[in-house]
Every structure is written in C-alpha cells, then in structure tokens.
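Here's the letter readout for the chains.
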Amino acid sequence: MPTLSTDIRSHFPIFAWHSREKKPFYYLDNAATTLKPLTVIDTVRDYYSKYSSNIHRGLYPIAVKASNAYEDARTKVQHFLNAAHPEEIVFTSGSTASLNLLASSWAGHMLQEGDEILLSPMEHHANLVPWQQISAQKNLHLRFLPLDAEGNLQLDQLDSFDSSSIKLISIVHISNTLGHINDIGTIIGWAKKRDIRVIVDAAQSVTLYPLDVQKLDMDFLVCSGHKMFGPTGIGILYGKKEWLQAMPPYLSGGDMIKKVGLYESTFADPPHKFEAGTPPIAEAIGLGAAIDFLNYLDRPALLNELDQLTTYAMEQLRSVPDLEILGKAPKRSHIISFTMNGIHPHDIATFLAQDGIAIRAGHHCTQPLMEHFGIGASARASLSIYNTAEEIDALAGALQQIQSFFNS
Ligand code: PLP
C-alpha cells in the first residue's frame, strides 16, 4: 500500500488548519483545483504587503520590483514548458480565457467559411463552447474524433478523416472526467503532416506530466494556474511566436499598444498585445512561486507514487458493491469518475461531505461525454501528490456505508 510522504503535506497549511480545528479533511477534488503550498501563499502576501503596485509604467522602486517579478514569472513558465521565447507565454485568467482568446483571435481571423475544427466529445466545455460560438459567427464546421464504448479516442480512425478542410485540432491531454491520457504525440504528428494547427488543453496534465512544447511541436497549449498549486485567476496561453505575431489582439485598451491616435492605434508585440489592462499581477507572481515549487519537487518520483495510489484507489473502489468506474483506458491518470447503482452522484457527494471527504459530483463540464455514457452525472475523486492511502480507505469505507444505507 503506497503512502506518499507526509513531508509533502507539511507544505500545504490547509492540512494543519483542519487538524488544529479538529475538522476531518480528505481533499479528493484536485481536478477542480489543487491546494496551495505556503510558498505560494507567502509570495502573494509579500506582493500585497511589501511591493503592491501596478506594473510596466511606474519608475519607483516597488513598481520596478513588481514589473520584474511579473516578467520573471513569465520566464519561469517559459522554462517549465521549454518554450523557445518568453514572448510565447501570454498570461490570461485561466484555460477558459486562453481558449476564448484563441477562438476569437486565431480562428476568428485565420479561418474562412467552410473551414473545419476537429475536437473530441470528451472536451471540457471550455474547449467546446468557444468553438461553437466562433463557428456560428464564421460558418465554420465542427467535427469530432469518435470515442469507443469505454470513452477511448479512436485514433486509428484518424486516417479515415477527409482532412482537406480541417485547419485546427483542439484536444484535451488528460480528460478531467475520465482521467484518460490522450496520445497527443500521435495527434500532433498526424496534424503536422497535413499543415493543421494543434491546441493542447493541458489543464489537467501540465502540473505533473512533463510537457515540452518544442519537442512535441505544439502550436498552442493552455492551462490554469490554480490546478498547478498556484493562485486562482491566472492562466497560461503558450503560442508559437509566429502565430502570436500574426494574431490580432483579443481585448484592447491600456498596456497593449505601441501608439494611440484619436482614430487608430498600433499594437505592442506579443505577449503584451494580448494582456490589455492591469493584469493579474499577484496571481502571476504567485504562479511563478508555484513553478518554483514544482521544480523543487521530484515530479517523476511523485507521479510514480501517485500512479500507485491511483491503482490502489481503483482496487478499493471496485470492492464497493455496484460501483462502476467510468471509462477503461490503457493509460490513465489520477482522476476517477464513478457511479453507484440507483444513487444520485449528488447524494454520494453530500453524504461524503458529512465525513469531511471532498469529491465532486455532476457533469464535470463535459455534458456530451456524459451523454456518450448515457448518464447525466457521475461522482469524481481526483488525487494529487499530498493524498494518502488512509484517505482512500476513508473514501472506500464511506462509500460502502452509503451503499448499505441506500440499500437498507
Ligand atoms: N480544460 C480542462 C481539461 C479542465 O479540467 C478545466 C477545468 O476544470 C478547464 C479546461 C477550464 O479551466 P478553468 O476553469 O481554470 O478556466
């Protein structure tokens, strides 16, 4: 039975607080957001308490310090993703904002009527609705890679697609509902041969899975700081320099211009062209601290332990009568969705909450995927580096009790 180091837990003050308050706390909702280490919390507090100021224009010391810290965070993200240039990193408010920016600014200007965008039915709504919106505006067509009955992308069918009108593939790396790990290498390889651009939604994967945007030859990648042990309100859009340069701005106003006249303006170069107005300064600097934290961890070792913990969790959940785990993938991550015969997922989550066990229930912003499985909702437990076998035992034990309660 694997046990992740308690040392990891000591970095996250929320555990100590719950323990002091004698409140049971089993946090298994990491796909929604991760907990924050003290170093991130302290970094954000330091900004507000020691050098709170706006960036890029102030010439006094704290404004210079804030500007430098903001741009240092960009460089940290660049190195984390192995992007070729810091200008390829745009700060947004999250994956959703990054995808909306791409739909509006890239697809809105680069695609023509009749062009096609290839997605999958397992996309988070953030990687579906913006494409629906822009398709309606521009008469583009959405197409979908098929899923098999177990929710696996049928990549062997890629070659049967008439790719002549496909201009973009936007695909999730790790499904936030099934935990399936999609083979983005194969998808990118197929797309490159056909001069199709690829966006990878790495919201669930970038934290622990090494993603080298140059090695994988990604055109764009999106992710959210709050799922990477960083603050809420900050996200990342990676884009190859040549694409970002060719795209028009998304939001316009201050801080994204070169020269403004009464009737027209010219725009700053990327990334500032896409960062209009006062950006999330504290959040970006906090994200920089989260990247430092991730670099300090032995991520391959932790991922290995997390894989073992997930296998253990799957075994324990399978021992609960009438519990069915959604999806069977050869490669899966630390996200487990399940249903229990006749018991509504919201009842499961509500009962677990009474024992201090935090999971999620609902459609997980993947309604088409739910439809694929013929259900409206599922319960979802998602693990991270600080979870333990004891927490899994608590979850499985509570699920057994819920099953007996509803069956009696
Ligand atoms: N994509 C995936 C795979 C996600 O899991 C999520 C959030 O859960 C998003 C996109 C949207 O992220 P955010 O809400 O941080 O913008």
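A word on the overall build of the chain
Helix and strand counts for the chain stand at 13 helices and 15 strands. For 408 residues, the compact-globule estimate of 2.2 N^0.38 gives 22 Å, and the chain sits close to it at 22 Å. Counting only C-alpha atoms, the chain reaches 75 × 55 × 35 Å along its principal axes. Within the span of the chain, comprising 408 residues, buried residues form 55% of the whole. Within the chain, contacts between residues at least 6 apart in sequence are counted, and of these 71% link residues at least 24 apart.

A few points about the state of the cysteines
If you walk through the whole model with that rule in mind, you get zero disulfides. Cys223 takes part in no disulfide bond, and the closest cysteine sulfur to it belongs to Cys365, at a distance of 17 Å. Look at Cys223 and you get buried, because its relative accessible area is 0%.

Observations concerning the side chain of Asn387
Considering the arrangement of structural elements, one finds Asn387 in the loop between β15 (378-382) and α13 (389-407). Polar side-chain contacts of Asn387 include one of 2.7 Å to the backbone nitrogen of Ser384. Looking at Asn387, its side chain comes within polar contact range of the side chain of Glu391, at 2.9 Å.

What to know about the environment of His141
Relative to the assigned elements, His141 resides in strand β4 (residues 141-144). For His141 and Gln78, which are 63 residues apart along the polypeptide, the C-alpha to C-alpha distance reads 33 Å. For His141, the contacting residues outside a window of four places in its chain are Gly114, Asp115, Glu116 and Ile117.

Some words on unusual backbone geometry
With an omega of 5°, the peptide bond running from Pro270 to Pro271 counts as cis. Note on placement: Pro271 falls in the loop between β10 (265-267) and α9 (281-296). Even without glycine at this site, Phe229 takes up a positive phi of about 70°. On the secondary structure map, Phe229 appears in the loop between β7 (220-224) and β8 (235-239). With a phi angle near 60°, Asp322 is a residue other than glycine that sits in the positive phi range. Along the chain, the position of Asp322 falls in the loop between α10 (299-318) and β11 (323-325).

Let's talk about the site of the ligand
As a structural note, the neighbourhood of the ligand is formed by Gly94, Ser95, Thr96, His124, Val172, Asn176, Asp201, Ala203, Gln204, Ser224, His226 and Lys227. Between the ligand and the protein, one listed contact pairs an oxygen atom with a side-chain N or O atom of Gln204 at 2.8 Å. Classifying every residue of the shell around the ligand by side-chain character gives two nonpolar, eight polar and two charged.

A look at the pattern of salt bridges
Applying the stated criterion across every chain yields a total of 20 salt bridges. Arg57 is the partner of Asp255 in a salt bridge, and the nearest nitrogen-oxygen pair spans 2.8 Å. Separated by 198 residues along the polypeptide, Asp255 in the loop between α8 (241-246) and β9 (257-260) and Arg57 in the loop between α3 (38-50) and α4 (61-81) bring together distant segments of the chain. The class of Asp255 is buried, set by a relative accessible area of 19%. Across the pair Glu116 and Arg143 runs a salt bridge whose closest N-O atoms are separated by 2.9 Å. Of this pair, Glu116 sits in strand β3 (residues 116-119) while Arg143 sits in strand β4, and the two are 27 residues apart along the sequence. By relative accessible area, Glu116 is classed as buried at 14%. Three or more residues joined by partner-sharing salt bridges are found here, namely Lys192, Asp195, Arg197, Asp217, Asp219 and Lys240.

Parameters at a glance
Per chain, the residues get numbers from 1 upward, laid out in the order the sequence is written. The model is predicted, so local features are restricted to residues of pLDDT at least 70 and side-chain atom pairs to those at 80 or more, both for listing and for counting; the totals for chains, interfaces and linings are taken over all residues. To get the side-chain values, all heavy atoms of the structure are used, and hydrogens and water are removed first. Strands are runs of DSSP state E lasting at least two residues, helices are runs of H or I lasting at least four, and both sets are numbered from the N terminus onward. Radius of gyration means the value over C-alpha atoms here, while the globule rule gives 2.2 Å times the residue count to the 0.38 power. Classification of residues uses two cut-offs on accessible area relative to the type maximum, computed with a 1.4 Å probe and protein chains only: under 20% is buried, over 50% is exposed, and between them is partly exposed. Contact criterion: two residues are considered in contact whenever any of their non-hydrogen atoms come within 4.5 Å of each other. Two cysteine sulfur atoms make up a disulfide if the distance between them is within 2.5 Å. Polar contacts here mean pairs of N or O atoms no more than 3.5 Å apart (in protein, one a potential hydrogen donor and the other a potential acceptor; neighbouring residues in sequence count only if both atoms are side-chain atoms). A molecule or strand has a residue near it when one of that residue's heavy atoms lies within 4 Å. Any residue that is not Ala, Val, Leu, Ile, Met, Phe, Trp, Tyr, Cys, Pro, Asp, Glu, Lys or Arg is counted as polar, Gly included; the first ten are nonpolar and the last four charged. Think of a salt bridge as a Lys or Arg side-chain nitrogen and an Asp or Glu carboxyl oxygen that are within 4 Å of each other.

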